[in-house]
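Per-entry structural report
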Amino acid sequence: DDAPGVESLISACEVVLAVVRGGVEALANERREAENRDLARRAEASSGGSGGAEGDGANNNCVIHIDHMNERAKYLKLLRKWSADLGLAGVRVFFRGGGPRRGPKGAENIFVCLSGPAQAISSFVSRLRTEYVDVDSSGKKCKERQSKVLANRRPGDVKEGQGAVPPFAGFEARECATEADLEDALQSLNLLHCGDGSERFFAGEAAAAT
């Protein structure tokens, strides 16, 4: 006798959940649109400014380490879209294959190298930590909980004994067969400022510019 009432209650709950999800998605979209408008205003102001390093077109450089990806293709597609949306000058993603733990669709030990305006980099880091980017082992959408900003440097910031970071443009993702290949890829951009190998993770996290 109680079944119809229970079914009605479940249906009502499903409707409420759908409305809540729709509201959350709408708020996220509004936030992204406002973020993009703010970036556009900053870019316009910079182009008409008095000509500091930012106004001369110099870019900040940021290195982010991500522990793993379960759905590499979808994850990289999202990073590419963010890069275009935010107006980043260049993005390089170096990674190892998924191996026995993540499988052929996954990736491990990922380094995301960014070049662009400070605000665009800050927004990229914020999205990485607050939006759904991957799936967990059960296939459910998940946010990035295992990323670390290893370096976030202004134009001209170069560690003593290191070369400047060469300009790089566009989006490129490269799978590295060995750890040595991964080191070589980072070295090609002079982005080992944050340390080598295992020491890299003790370099201290640099907060993204706000």
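Keep in mind the model is a prediction, meaning the values are calculated, not measured. (Residues numbered from 1 in each chain as written. Predicted model: local features only at pLDDT ≥ 70, side-chain atom pairs only at ≥ 80, totals over all residues. Heavy atoms only, no water.)

1. Observations regarding the overall build of the protein chain
Helix and strand counts for the protein chain come out as 5 helices and 7 strands. Put simply, the protein chain runs from its N terminus to its C terminus through helices and strands in the order α-β-α-β-α-β-α-β-β-β-β-α. The buried share of the protein chain, reckoned over its 210 residues, is 35%. Total accessible area on the protein chain is roughly 12,100 Å²; 53% of this is exposed by carbon and sulfur atoms. (Helix = DSSP H or I, 4+ residues; strand = E, 2+ residues; numbered from the N terminus. Buried < 20%, exposed > 50% of the residue type's maximum accessible area, 1.4 Å probe, protein only. Areas by Shrake-Rupley, 256 points an atom, 1.4 Å probe, with all protein chains shown as cover.)

2. Focus on the confidence of the model for the protein chain
In this model, the protein chain carries an average pLDDT of 77, and 70% of its residues clear a pLDDT of 70 or more. Below pLDDT 50 for its whole length, residues 39-56 participates in 13 contacts with residues either more than four positions away or in separate chains. Across residues 195-210 the pLDDT falls below 50, and counting only partners more than four positions away or on other chains, this stretch makes 29 contacts in the model. (pLDDT = per-residue confidence, 0-100. Contact = heavy atoms within 4.5 Å.)

3. A few points about the environment of E179
Position of E179 relative to the elements: it lies in helix α5 (residues 179-188). Along the sequence, E179 and N109 sit 70 residues apart, while their C-alpha atoms lie 9.2 Å from each other. Sequence-distant contacts of E179, that is, excluding residues within four places in its chain, are made with R96 and N109.

4. Side note on the pairing of strand β3 (residues 107-116)
Most of β3 is tucked away: 9 of the 10 residues are buried. Pairing of strand β1 (residues 60-69) with β3 involves 9 bridges; the strand directions are antiparallel. Looking at the pairing, H65 lines up with F111 of β3. Taken together, the 7 bridges between strand β2 (residues 90-97) and β3 define a ladder with antiparallel strand orientation. Residue pairing for β3: V91 is matched across the bridge by L114. (Pairing = 2+ DSSP bridges.)

5. Some words on the packing of aromatic side chains
Enumeration according to the criterion identifies 1 aromatic pair in this entry. With a centroid separation of 5.7 Å and an interplanar angle of 90 degrees, the aromatic rings of W82 and F124 are classed as edge-to-face. With W82 in helix α2 (residues 72-86) and F124 in helix α4 (residues 118-130), this pair connects stretches of sequence that are 42 residues apart. With respect to class, W82 is no different from F124; both count as buried. Lying over the aromatic face of Y132, K143 brings its terminal NZ or CZ to 5.5 Å of the ring centre. (Phe/Tyr/Trp six-rings, centres within 6.5 Å; stacked < 30°, edge-to-face > 60°. Lys NZ or Arg CZ within 6 Å of the ring centre and 35° of its normal.)

6. Considering the packing of α2 against α4
Between α2 and α4, whose axes approach to 10 Å, the crossing angle comes to 150 degrees. If you check the angle between α2 and α4, you find them roughly antiparallel. Considering the relative orientation of α2 and α4, their crossing is right-handed. Across from Y75, L79, W82, S83, D85 and L86 in α2, the residues of α4 making contact are A120, S123, F124, R127 and L128. Each residue belonging to the contact of α2 with α4 can be placed in one class, and the counts come to 7 nonpolar, 2 polar and 2 charged. (Axes fitted to C-alpha atoms, helices over the stretch in contact; angles between N-to-C directions. Parallel < 35°, antiparallel > 145°, perpendicular 65-115°, else oblique. Left-handed = near helix turned anticlockwise from the far one by under 90°. Nonpolar A, V, L, I, M, F, W, Y, C, P; charged D, E, K, R; others polar.)

7. Regarding the pattern of salt bridges
Under the criterion given, the structure shown has 7 salt bridges. With a shortest N-O distance of 3.6 Å, R92 and E172 are connected by a salt bridge. Here the residue R92 occupies a position in strand β2, and E172 occupies one in strand β7 (residues 170-175), the gap between them amounting to 80 residues. Overall, R92 belongs to the buried group, its relative accessible area being 12%. Note on E172: relative accessible area 33%, which makes it partly exposed. Across the pair E179 and R96 runs a salt bridge whose closest N-O atoms are separated by 3.0 Å. Residue E179 is found in helix α5, and its partner R96 is found in strand β2; the two are separated by 83 residues along the sequence. According to the relative accessible area criterion, E179 is partly exposed, its value standing at 37%. Each of K81, D85 and R127 takes part in salt bridges that share partners, so that together they form one network. (Salt bridge = Lys/Arg side-chain N within 4 Å of Asp/Glu carboxyl O.)

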